[in-house]
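Each chain, letter by letter, is given below.
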Amino acid sequence: MNLARLQSLAQHHLLSGGDIPTELAQAIASPAGERWSIYVEAYRLRLTDALATQYPALVVRCGRAAFTELAAAFIRGHPSNHRSIRDYGAELADFVRGDHATAEQRLRGELARFEWLLAAAFDAADIAATRVEDLAAIAPHEWPTLCFAPVPSLQRFDTITNAVAAWREIRRGLEIDPVAGPALEPAASVIEPIPWLIWRPRWESEFRSLPTGEAAALDRLLAGTPFATLCGELADSHGEQAPLQAAAWLKGWLTEGLLLRV
Amino acid sequence: MPVAAPHPSLGFGLGLRPTHYTEILDGRPAVDWFEVITENYLVGGGRPLHFLDAIRARYPVAMHGVSLSIGSTAPLDRDYLAAVKALAARCEPAWISDHLCWTGTGAHNLHDLMPLPYTEEALAHVAPRIEAVQEALGRTLVLENVSSYIRYAASAMTEWEFLGELVRRTGCELLLDINNVYVSSRNHGFDPRAFIDALPAHAVRQFHLAGHLDLGSHVIDTHDAPVCDAVWDLYAHALERLGPVSTLLERDDRIPPLAELVIELEQARRVAHTTLQRAAG
């Protein structure tokens, strides 16, 4: 058996499990079943640990045993294609929610997504955001075409459950009693989606909810709409106050370090 | 009689772990250098790179990768090599190491250090890849021996013969993980001192010390426990044979407080001091 065949066989068995193929067993000189199973077991444990590290609140919400089962099912269908194990598991939110989601599944899916985005913001690229005082340097003729892009850490998402409240509750509960953990409130759906922002001002990720009007305006801006155009669009909802409202939001976003002038 | 180490020793170092970042910067612990896991810093920015820069400003570092997959039959990941090279330009490591193993084929990563069969076919496959990596990085690659639980029926030489031949063919250097030698020796029934004695001394750039889980019939490399007496003894033997090689205490799981690791690192200093003095006398 050549090297490529050996590696292909070994990897296929590690990813798919089951009985060790005869051809692979014959390639291993040690007591194949016993010793090879160390690698089989290590593969599952390593990826399960990676998921638990990435999704600590989801572990609490599910309970350790149920999370381990969830991870095992996820790992079977999702081999890692990442050089860093830290990048493994992005699809877990969709996997948790499933196709026919219950309220609890929807909450767990959003909880997972929230934790993933927090982690993504954590080590996103460092780029100095545009500051409020930078606006003073913008010439009058540049304002009509003034556009902004998100800083690399900025994540916008909506929730339709109390997932973020559940995350807060879990974090608080673990701080009070890491062993017992928190009491878990029931999953609840909301009538209107709640918009959220995640970003990293310095070294730690932060998040906040935002009013739907502000979220819609920010989404337009992040989609490439010039700021002047946005002001015009806001006239429908804000009338003469549109430029003032837009300026207030822009000042807030720049103060928070969310935007880059493009 | 010990040899003089062919490379200047960085002394006694620790693996850099995020839980210790602020303590390192605030406390200036008695650690001579740090080894960083390459993949942990192949990120856009944020806390990891900030602390890497700050710690690098005060200590020498070496980069230690886990995803090179030098033994894989999949093509070398050129994007990965470019990212490693860029990180090296940023933190100017004393050297760059990874493992003599494969970590996956195709697009997949098993996130494990899978052993190779020690065959002429594997040598002929790995040696040109090492040369390609050295060319891409513009520096000598340092390769670590991995712990293993299986041997392949096809192996036609020992692990140390395989390592020595790679050094001869490529000019690569070696990171000798003393714990891994011990773990594999227990699992496969060879003399760990024979392993060390057979290595080309001029090529040994670094030692690793670590702990493991002893299950009696076999040993699991966990890197989550203090160094055991048998590995300390083997370390002393390696010092006698190879001289004062840069030594790194590596803990990958169940990371204890920094002070605890510094105390264990002191033991490495004592073992080295005693061994080298005795050998010199």
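Whatever comes next refers back to the structure up there.
For the structure given in this document, a descriptive report is provided here. Computed from a predicted model, the values in this text were never measured in an experiment.

Here is what the cut-offs are and how they apply
- Position numbers for residues start from 1 in each chain and track the written sequence from start to end.
- To label them, take the chains in the order written and letter them from A, then take the ligands in the order written and number them from 1.
- Totals for whole chains, interfaces and linings use all residues, but because this is a predicted model, local features are given only for residues with pLDDT of at least 70 and pairs of side-chain atoms are given and counted only at 80 or more.
- Processing note: side-chain calculations cover all non-hydrogen atoms of the structure and skip hydrogens and water entirely.
- Note on conventions: DSSP H or I runs of at least 4 residues are helices, E runs of at least 2 residues are strands, and numbering of each starts at the N terminus.
- Only protein chains enter the accessibility calculation, which uses a 1.4 Å probe; a residue whose area is less than 20% of its type maximum is buried, one above 50% is exposed, and one in between is partly exposed.
- Note on contacts: a residue pair qualifies if any of its non-hydrogen atoms lie within 4.5 Å across the two residues.
- Two kinds of site are reported from a 1 Å grid over the protein atoms alone, namely cavities, where a 1.4 Å probe fits but cannot get out, and pockets, open sets with protein on both sides within 12 Å along at least five of seven lines, and residues are called lining when an atom falls within 4 Å of a point.
- Grid points are joined across faces, edges and corners, and a volume is the space filled by probe spheres set on the points.
- Under this grouping Gly is polar, as are all residues other than the nonpolar Ala, Val, Leu, Ile, Met, Phe, Trp, Tyr, Cys and Pro and the charged Asp, Glu, Lys and Arg.
- Joining two parts hides part of their accessible area as seen by a 1.4 Å probe, and the buried area is that hidden amount summed over both.
- By convention in these notes, a salt bridge is any Lys or Arg side-chain nitrogen within 4 Å of a carboxyl oxygen on Asp or Glu.
- Think of a polar contact as two N or O atoms within 3.5 Å of one another; within protein, one of them needs to be a possible hydrogen donor and the other a possible acceptor, and neighboring residues in sequence only count if both atoms come from side chains.

### Regarding unusual backbone geometry
Residue and element names in this part refer to chain B. Positive phi outside glycine occurs at glutamate 92, with the angle close to 45°. Looking at the element boundaries, glutamate 92 is found in the loop between helix 3 (78-91) and strand 4 (96-99). A positive phi angle, near 50°, is found at histidine 223, a position not held by glycine. As for its placement among the helices and strands, histidine 223 is situated in the loop between strand 9 (219-220) and helix 8 (229-242). A relative accessible area of 5% places histidine 223 in the buried class.

### A closer look at the environment of Ala94(B)
Residues and elements named next belong to chain B. Looking at where alanine 94 falls in the secondary structure, it is placed in the loop between helix 3 and strand 4. Separated by 32 residues in the primary sequence, alanine 94 and alanine 62 place their C-alpha atoms 5.2 Å from one another. For alanine 94, the contacting residues outside a window of four places in its chain are Leu10, Val61, Ala62 and Arg139.

### Structural notes on empty space enclosed by the protein
Residues and elements named next belong to chain B. A complete count under the given rule lists 3 cavities of 30 Å³ or more for this structure. In this structure, the largest cavity encloses a volume near 60 Å³. Of all elements in the fold, only helix 3, strand 4 and helix 4 (120-137) reach the threshold of two or more residues within the lining of the largest cavity. Tallied by class, residues from the lining of the largest cavity come to 8 nonpolar, 3 polar and 1 charged.

### Side note on the interface of chain B and chain A
The interface of chain B with chain A comprises 46 residues on the first partner and 38 residues on the second. Of the roughly 3600 Å² buried between chain B and chain A, counting both surfaces, carbon and sulfur atoms make up 59%. By the criterion of area lost to chain A, the three top residues of chain B are Leu110(B), His111(B) and Tyr149(B), representing 18% of everything that side buries. Joining chain B to chain A, the criterion identifies 2 salt bridges. Put simply, Glu204(A) and Arg47(B) hold a salt bridge, and the shortest N to O gap is 3.6 Å. At the boundary of chain B and chain A, one finds 22 residue pairs in polar contact (both at pLDDT 80 or more). Sorting the residues of the side of chain B that touches chain A by element identifies helix 2 (47-56), helix 3, helix 4 and helix 6 (178-188) of chain B as the ones contributing at least two each.

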